[in-house]
Amino acid sequence: MAAKLILLGDSIFAGWRNGQMSALLKDRLAGRLPRYDIVMAAVPGETTDEALNRVTQDTAAGEHDLVVIGYGANDASNTTNVTADDFYDNLRTMIEIIGPDSVILLTPPFGDPQRLQDRNQDSVAGYTQAAKEVADKENVLLVDLHQAMVASPDPQALLVSDGQHFTDLGYDLLADLIVSSVHAMEKR
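Since this is a predicted model, take the numbers as computed values, not measurements.

### Remarks on the overall build of the chain
Scanning the chain from N- to C-terminus turns up 7 helices and 5 strands. Starting at the N terminus and ending at the C terminus, the chain contains elements arranged as β-α-β-α-α-β-α-β-α-β-α-α. Relative to its length of 188 residues, the chain is compact, with a C-alpha radius of gyration of 15 Å against a globular reference of 16 Å. With the C-alpha coordinates of the chain rotated into their principal frame, the extents come out at 45 × 35 × 30 Å. Each of the 188 residues in the chain was classed as buried or not, and the buried ones make up 51%. Counted over contacts in the chain with a minimum sequence separation of 6, partners at least 24 positions apart contribute 80%. As displayed, the chain offers around 8500 Å² of accessible surface, 48% of which is attributable to carbon and sulfur atoms.

Next comes the structure, spelled out in structure tokens:
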């Protein structure tokens, strides 16, 4: 029986492209993590507030081996009412429900501040810091997606024209980070 890897997140995990969900991330992971059944539990536009309403059903106790949590892109928008403190609390609650021994937590992704009028780098930094603090407090594996994107040779090449969602290069980077973190979890 295959191990179960759940991707709990927003449109980034959902492979959002041309206005619809796709298997861009799932396919990259399935090819590199063949012992896992990859379960997509991603909802475009979702914040951590909304995720709390479904985290139990999507990650039912005992029915997963690993859960990768990837939120923040929507939480950091000034069109939501999710503060960085709320984000921190919501992530901690999700981890407590899922169980910290099976969680991989990602920081929010980099987004182009020139193309995203509803958030700025300072606000994204607050959500990124909140994720780091949660990972430390809950002793879960953290993947600093934001830093990995910013440190890449051309962060803009990782984003499609909307400045938030990922190109194929962006999904290659995300898949590399998740695969590495899954292997690290297997060694724990």
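### Things to note about empty space enclosed by the protein
Under the criterion given, the structure shown has 2 cavities of 30 Å³ or more. Reported here for the largest cavity is a volume of approximately 50 Å³. Surrounding the largest cavity, D10, I12, F13, G70, Y71, L106, T107, P109 and L145 form its lining.

### Some points on unusual backbone geometry
Of note, the phi angle at N18 is positive, near 55°, even though the residue is not glycine. Along the chain, N18 falls in the loop between β1 (3-9) and α1 (24-32). If you check the backbone angles, N139 has positive phi at about 55° while not being a glycine. Its relative accessible area of 58% is what places N139 among the exposed residues.

Thresholds applied
Residues numbered from 1 in each chain as written. Predicted model: local features only at pLDDT ≥ 70, side-chain atom pairs only at ≥ 80, totals over all residues. Heavy atoms only, no water. Helix = DSSP H or I, 4+ residues; strand = E, 2+ residues; numbered from the N terminus. Rg over C-alpha atoms; globule rule 2.2 N^0.38 Å. Buried < 20%, exposed > 50% of the residue type's maximum accessible area, 1.4 Å probe, protein only. Contact = heavy atoms within 4.5 Å. Areas by Shrake-Rupley, 256 points an atom, 1.4 Å probe, with all protein chains shown as cover. 1 Å grid on protein atoms, 1.4 Å probe; cavity = no way out; pocket = protein on both sides within 12 Å on 5 of 7 lines; lining within 4 Å. Points joined across faces, edges and corners; volume = space filled by probe spheres on them.

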